[in-house]
Amino acid sequence: MKDVEFTSDMINIMLQQLGASKIKTTMSQTNSVLFVIKNDVRIRYEYGVSENGIYLQRVEPYPMLLGEWKDEHAVISMISADVNRFRHACSSSNYETFLENIQNANDLRKFIENLFLLRNVDAADMRKIADAIEQIKKVVFNTFKDSRDLKIFNDGAKNVKGEKEE
(Lines give C-alpha, C1' and ligand atoms only; values in the text may rest on other atoms or scores of the structure.)
Protein backbone atom coordinates (compact mmCIF):
# COMPACT_ATOMS: atom_id res chain seq x y z
CA MET A 1 0.00 0.00 0.00
CA LYS A 2 1.11 3.56 -0.64
CA ASP A 3 2.49 5.58 2.23
CA VAL A 4 -0.86 7.18 3.06
CA GLU A 5 -1.61 8.36 6.55
CA PHE A 6 -5.24 8.19 7.55
CA THR A 7 -6.61 10.55 10.12
CA SER A 8 -10.11 10.74 11.45
CA ASP A 9 -10.20 14.55 11.58
CA MET A 10 -11.14 15.01 7.92
CA ILE A 11 -13.79 12.28 8.09
CA ASN A 12 -15.29 13.81 11.23
CA ILE A 13 -15.49 17.27 9.64
CA MET A 14 -17.25 15.86 6.57
CA LEU A 15 -19.62 13.83 8.76
CA GLN A 16 -20.53 16.97 10.70
CA GLN A 17 -21.33 18.65 7.40
CA LEU A 18 -23.59 15.68 6.54
CA GLY A 19 -25.54 16.34 9.73
CA ALA A 20 -24.06 13.95 12.27
CA SER A 21 -25.66 14.59 15.64
CA LYS A 22 -22.68 13.42 17.68
CA ILE A 23 -19.10 12.30 16.99
CA LYS A 24 -16.91 10.75 19.66
CA THR A 25 -13.28 9.64 19.25
CA THR A 26 -11.60 7.35 21.76
CA MET A 27 -7.90 7.07 22.50
CA SER A 28 -7.71 3.94 20.31
CA GLN A 29 -8.78 5.94 17.25
CA THR A 30 -12.21 4.37 17.20
CA ASN A 31 -14.82 6.87 16.16
CA SER A 32 -18.54 6.73 16.87
CA VAL A 33 -20.89 8.82 14.72
CA LEU A 34 -24.60 9.26 15.39
CA PHE A 35 -27.25 10.49 12.97
CA VAL A 36 -30.72 11.16 14.35
CA ILE A 37 -33.13 10.95 11.45
CA LYS A 38 -36.31 11.13 13.51
CA ASN A 39 -36.82 11.02 17.25
CA ASP A 40 -37.04 7.24 17.19
CA VAL A 41 -34.70 6.53 14.25
CA ARG A 42 -31.01 6.68 15.03
CA ILE A 43 -28.16 5.44 12.91
CA ARG A 44 -24.79 4.99 14.53
CA TYR A 45 -21.53 4.05 12.85
CA GLU A 46 -18.16 3.16 14.25
CA TYR A 47 -14.98 3.36 12.28
CA GLY A 48 -11.38 2.78 13.08
CA VAL A 49 -8.44 4.31 11.28
CA SER A 50 -5.29 2.25 10.85
CA GLU A 51 -2.29 2.29 8.55
CA ASN A 52 -4.06 -0.30 6.36
CA GLY A 53 -7.34 1.51 5.89
CA ILE A 54 -10.56 2.57 7.52
CA TYR A 55 -12.81 -0.11 8.99
CA LEU A 56 -16.49 0.84 9.01
CA GLN A 57 -19.49 -0.76 10.66
CA ARG A 58 -23.05 0.28 11.29
CA VAL A 59 -23.89 -0.31 14.95
CA GLU A 60 -27.43 1.03 15.17
CA PRO A 61 -30.26 0.29 14.38
CA TYR A 62 -28.55 -3.09 13.89
CA PRO A 63 -24.92 -4.18 13.61
CA MET A 64 -23.45 -4.73 10.15
CA LEU A 65 -19.87 -4.67 8.96
CA LEU A 66 -19.74 -2.26 6.02
CA GLY A 67 -16.19 -2.99 4.99
CA GLU A 68 -12.67 -1.68 4.77
CA TRP A 69 -12.07 1.51 2.81
CA LYS A 70 -8.87 3.00 1.45
CA ASP A 71 -9.68 6.69 1.88
CA GLU A 72 -11.94 9.04 3.75
CA HIS A 73 -13.95 10.00 0.66
CA ALA A 74 -15.09 6.38 0.21
CA VAL A 75 -16.15 6.24 3.88
CA ILE A 76 -18.09 9.49 3.60
CA SER A 77 -19.74 8.34 0.38
CA MET A 78 -20.78 5.04 1.99
CA ILE A 79 -22.18 6.67 5.12
CA SER A 80 -23.97 9.38 3.13
CA ALA A 81 -25.67 6.81 0.87
CA ASP A 82 -26.56 4.62 3.86
CA VAL A 83 -28.08 7.51 5.85
CA ASN A 84 -30.10 8.61 2.80
CA ARG A 85 -31.46 5.09 2.36
CA PHE A 86 -32.51 4.96 6.01
CA ARG A 87 -34.14 8.39 5.75
CA HIS A 88 -36.29 6.97 3.00
CA ALA A 89 -36.80 3.52 4.55
CA CYS A 90 -37.96 4.76 7.95
CA SER A 91 -41.02 6.34 6.31
CA SER A 92 -42.14 2.91 5.03
CA SER A 93 -45.02 1.15 6.73
CA ASN A 94 -42.78 -1.96 6.66
CA TYR A 95 -39.89 -0.38 8.57
CA GLU A 96 -40.69 -1.97 11.95
CA THR A 97 -41.17 -5.39 10.34
CA PHE A 98 -37.86 -4.91 8.52
CA LEU A 99 -36.10 -4.23 11.85
CA GLU A 100 -37.79 -7.27 13.42
CA ASN A 101 -36.63 -9.45 10.51
CA ILE A 102 -33.06 -8.18 10.86
CA GLN A 103 -33.12 -8.79 14.62
CA ASN A 104 -34.46 -12.31 14.10
CA ALA A 105 -31.75 -13.01 11.50
CA ASN A 106 -29.07 -11.75 13.92
CA ASP A 107 -30.54 -13.91 16.71
CA LEU A 108 -30.55 -16.91 14.38
CA ARG A 109 -26.87 -16.37 13.54
CA LYS A 110 -26.05 -16.37 17.27
CA PHE A 111 -28.15 -19.49 17.89
CA ILE A 112 -26.44 -21.35 15.05
CA GLU A 113 -23.03 -20.34 16.33
CA ASN A 114 -23.85 -21.49 19.86
CA LEU A 115 -25.33 -24.72 18.52
CA PHE A 116 -22.17 -25.51 16.60
CA LEU A 117 -19.65 -24.32 19.21
CA LEU A 118 -21.39 -25.68 22.30
CA ARG A 119 -23.07 -28.89 21.14
CA ASN A 120 -22.19 -32.02 19.25
CA VAL A 121 -24.72 -31.70 16.44
CA ASP A 122 -25.62 -34.53 14.11
CA ALA A 123 -24.66 -33.93 10.46
CA ALA A 124 -28.26 -34.58 9.33
CA ASP A 125 -29.52 -31.84 11.65
CA MET A 126 -26.89 -29.42 10.32
CA ARG A 127 -28.04 -30.28 6.78
CA LYS A 128 -31.68 -29.52 7.76
CA ILE A 129 -30.61 -26.12 9.06
CA ALA A 130 -28.60 -25.41 5.92
CA ASP A 131 -31.57 -26.37 3.73
CA ALA A 132 -33.93 -24.13 5.72
CA ILE A 133 -31.53 -21.19 5.46
CA GLU A 134 -31.23 -21.79 1.72
CA GLN A 135 -35.04 -21.62 1.44
CA ILE A 136 -35.10 -18.30 3.28
CA LYS A 137 -32.36 -16.95 0.99
CA LYS A 138 -34.45 -17.95 -2.04
CA VAL A 139 -37.52 -16.17 -0.65
CA VAL A 140 -35.49 -13.01 -0.01
CA PHE A 141 -33.83 -13.15 -3.43
CA ASN A 142 -37.14 -13.73 -5.25
CA THR A 143 -38.77 -10.90 -3.30
CA PHE A 144 -35.84 -8.66 -4.22
CA LYS A 145 -36.11 -9.67 -7.87
CA ASP A 146 -39.92 -9.18 -7.96
CA SER A 147 -39.99 -5.85 -6.09
CA ARG A 148 -39.81 -2.43 -7.70
CA ASP A 149 -36.42 -0.75 -7.75
CA LEU A 150 -36.02 2.50 -5.85
CA LYS A 151 -34.33 4.30 -8.75
CA ILE A 152 -33.20 7.11 -6.46
CA PHE A 153 -30.86 4.66 -4.72
CA ASN A 154 -29.55 2.80 -7.73
CA ASP A 155 -26.00 3.97 -7.10
CA GLY A 156 -24.01 0.78 -7.40
CA ALA A 157 -24.99 -0.72 -4.06
CA LYS A 158 -24.63 -4.44 -3.64
CA ASN A 159 -27.73 -6.49 -4.29
CA VAL A 160 -28.85 -9.47 -2.22
CA LYS A 161 -26.48 -11.80 -4.06
CA GLY A 162 -23.58 -9.53 -3.15
CA GLU A 163 -22.82 -8.62 -6.75
CA LYS A 164 -22.20 -5.13 -8.04
CA GLU A 165 -25.19 -3.81 -9.98
CA GLU A 166 -24.45 -2.62 -13.50
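This report concerns the structure included in the present document. As the structure is a computational prediction, the values presented were derived from the model and not from experiment.

### Brief notes about the overall build of the chain
Across its full length, the chain holds 4 helices and 5 strands. Put simply, the chain runs from its N terminus to its C terminus through helices and strands in the order α-β-β-β-β-β-α-α-α. Looking at the chain as a whole, 23% of its 166 residues are labelled buried. Approximately 11900 Å² of the chain is accessible, and the part contributed by carbon and sulfur atoms is 52%.

### Looking at the packing of helix α3 (residues 95–118) against helix α4 (residues 123–146)
Relative orientation of the contacting elements α3 and α4 amounts to 165 degrees, with a least axis distance of 12 Å. Between α3 and α4, the angle is such that the two are roughly antiparallel. For the pair α3 and α4, the crossing hand works out as left-handed. Contacts between α3 and α4 involve Ile-112, Leu-115 and Phe-116 from the former and Met-126, Ile-129 and Ile-133 from the latter.

### Description of the sheet that holds strand β5 (residues 64–69)
The antiparallel open sheet is built from 5 strands, whose spatial order is β1-β2-β3-β4-β5. Sheet topology places β1 (22–25) and β5 at the edges, where each strand pairs with a single neighbour. Direction aside, neighbouring strands of the sheet carry axes that sit 15 degrees apart on average. Two elements, β1 and strand β2 (residues 30–38), share 4 bridges in a ladder whose sense is antiparallel. The residue bridging Ile-23 from the neighbouring strand is Val-33, located in β2.

### So, the pairing of strand β3 (residues 41–50)
The pairing of β2 with β3 spans 8 bridges and is classified as antiparallel. Residue Asn-31 lies in a different strand from β3, and its bridge partner there is Tyr-47. Where β2 folds back on β3, the antiparallel hairpin that results is connected by 2 residues. The hairpin turn running from β3 into strand β4 (residues 53–60), its antiparallel successor, is 2 residues long.

### Observations concerning the nonpolar core
By size, the foremost hydrophobic cluster in this structure holds 24 residues, and its most contacted members are Leu-15, Phe-35, Tyr-45, Tyr-47, Leu-56 and Ile-79. For this core, the secondary structure elements donating two or more residues are α1 (8–18), β2, β3, β4 and α2 (72–89). Broken down by element, this core gets its largest block of residues, 6 residues, from α2. Excluding its chain neighbours within four sequence positions, the residues that come into contact with Phe-35 are Leu-15, Leu-18, Gly-19, Ala-20, Ser-21, Val-41, Arg-42, Ile-43, Tyr-45, Ile-79 and Val-83.

Reading the values: the criteria
Residues numbered from 1 in each chain as written. Predicted model: local features only at pLDDT ≥ 70, side-chain atom pairs only at ≥ 80, totals over all residues. Heavy atoms only, no water. Helix = DSSP H or I, 4+ residues; strand = E, 2+ residues; numbered from the N terminus. Buried < 20%, exposed > 50% of the residue type's maximum accessible area, 1.4 Å probe, protein only. Areas by Shrake-Rupley, 256 points an atom, 1.4 Å probe, with all protein chains shown as cover. Axes fitted to C-alpha atoms, helices over the stretch in contact; angles between N-to-C directions. Parallel < 35°, antiparallel > 145°, perpendicular 65-115°, else oblique. Left-handed = near helix turned anticlockwise from the far one by under 90°. Contact = heavy atoms within 4.5 Å. Pairing = 2+ DSSP bridges. Core = buried A, V, L, I, M, F, W, Y, C linked by side-chain atoms within 4.5 Å.

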